[in-house]
Amino acid sequence: MFTSEKGVVEEWLSEFKTLPETSLPNYATNLKDKNALVSSLYKVIQEPQSELLEPVCHQLFEFYRSGEKPLLRFTLQFLPELIWCYLAVSASRNVHSSGCIEALLLGVYNLEIVDKEGHSKVLSFTIPSLSKPSVYHEPSSIGSMALTESALSQHGLSRVVYSGPHPQREMLTAQNRVEVLTFLLLCYNTALTYMPSVALQSLCHMCSRICVCGYPRQHVRKYKGVNSRIPVSSEFMVQMLTGIYFAFYNGEWDLAQKALDDITYRAQLDLYPEPLLVANAIKASLPRGAMKSNKEGTRCIQVEITPTSSRISRNAVTSMSIRGHRWKRHEQPDNNNDTPELGNLVIPEISVTSVTGERTGNGEKGRALGEIDAQHVQGVQETVTDPRTESKGLPEIRRQKSVRKLLEDGINSPGRVQF
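As the structure is a prediction and not an experimental result, all values here were calculated from the model. (Residues numbered from 1 in each chain as written. Predicted model: local features only at pLDDT ≥ 70, side-chain atom pairs only at ≥ 80, totals over all residues. Heavy atoms only, no water.)

Peer 1: Would you take a moment to explain helix H14 (residues 253–270) for this structure?
Peer 2: Helical geometry note: an α-helix holds 3.6 residues per turn, so side chains three or four residues apart project in the same direction. When the terminal C-alpha atoms of H14 are compared, their 26 Å separation across 18 residues agrees well with the 26 Å that a helix rising 1.5 Å per residue should span. Listing the buried residues of H14 in full gives Trp253, Ala256, Ala259, Leu260, Asp262, Ile263, Thr264, Tyr265, Arg266 and Ala267. Packing partners of the buried residues in H14 comprise helix H11 (197–212), helix H12 (217–221), helix H13 (234–248) and helix H15 (273–285). At the C-terminal side of H14, leucine 271 shows a positive phi close to 60°. (Helix = DSSP H or I, 4+ residues; strand = E, 2+ residues; numbered from the N terminus. Expected span 1.5 Å × (residues − 1). Buried < 20%, exposed > 50% of the residue type's maximum accessible area, 1.4 Å probe, protein only. Contact = heavy atoms within 4.5 Å.)

Set out below in structure tokens:
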């Protein structure tokens, strides 16, 4: 530790002791912007033999019980590093050098398990139902849910999970150590949105080191100092995954990915189903590409929400599309043959019944045919009068005359229609 860093920590210790109570809120608000102080405190915690470790732990505990939210969160950001240093010292069986860290962890634990009146606190968590929409999912995207009698009886019911009451602890032992640290990590996760990037980095490093120490992967990660295995529980690993999942979407993609792999590695070795389930769920929900977003920008998770307004597909079949398809089918280019063939002729459909289903009279049918012939002749004359299309109109004239002649030959008498 450099002399300048040591001087920053000593100035911080003396400043708080002489600080009046009236200026405490302003001091707590401006404390989070002191990056040099935060980095110096991390180096003090990482050196168990440092002479500044005990006063630093004492002042961090004073911050936590002061009642000011910014001071409480300032202490919480060092919690992953404190947990790692305590477990590392405990694994090396040098418990005497971690007495101040153990006292700080116990103090935070005993303050969190009781409310302001001193009664035991019970934490409740509501598990969301997949049948109701949220910012993470839409029920319609999951699939159809059968409305059975059992499903209807449980509709609208939410499951609540309770944590506590937790007993007070006077010291950390091998029996209660993991339980106390799990609860402390839960307290840290409740304030994740207020944690700076350096605190998330410390969380990722803590998770990786705890999970691989004493295992063959430790040589791959090149972690030195602790060669013994650190015992952890399934609940402790789930709390680690909760913080890792937050770190993924807040600028620490690489470190969070490495920590997730290490936690999965340890859960497979210890055969813990709960962390394996959570880790695989996190892997399945991650985007394919790494999120290289700005650490100081907006922190969010991109989800796809089903729109409320109905949308019509561009390829929907409408009456206009059917008409266009028929026009394209009938407007095919001719083969420019002078003599029409019988197989290529399009014979117009002749209706022999009226709307009410009765036959039309002979005179009416003859008049109808006469009007059709007159329209054909008029169309032929209009086509021939154009000099630019004279050459193209001759085959069409022959085609129309041949069709009309074919119709006349097929009719025996001008007043009757064979059917």
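Right, picking up where we left off after that structure.
Peer 1: Hey, could you run me through the environment of glutamate 62 in this one?
Peer 2: By secondary structure assignment, the location of glutamate 62 is in helix H4 (residues 53–64). As a C-alpha pair, glutamate 62 and leucine 72 span ten residues in sequence and 9.1 Å in three-dimensional space.

Peer 1: Got a minute to help me understand the side chain of glutamine 77 in this structure?
Peer 2: Checked against the element boundaries, glutamine 77 lands in the loop between helix H5 (69–76) and helix H6 (79–91). A relative accessible area of 5% means that glutamine 77 is categorised as buried. Leaving out residues up to four positions away in the same chain, glutamine 77 has contacts with Val38, Tyr42, Tyr188, Met195, Pro196 and Ala199.

Peer 1: Got a minute to help me understand the environment of valine 161 in this structure?
Peer 2: Looking at where valine 161 falls in the secondary structure, it is placed in strand E2 (residues 159–163). Here the alpha-carbon distance between valine 161 and phenylalanine 125, two residues 36 residues apart in the chain, equals 5.0 Å. Setting aside its immediate chain neighbours within four residues, valine 161 contacts Leu123, Ser124, Phe125 and Ile127.

Such coordinate-based values are descriptive only and should not be taken to indicate function.
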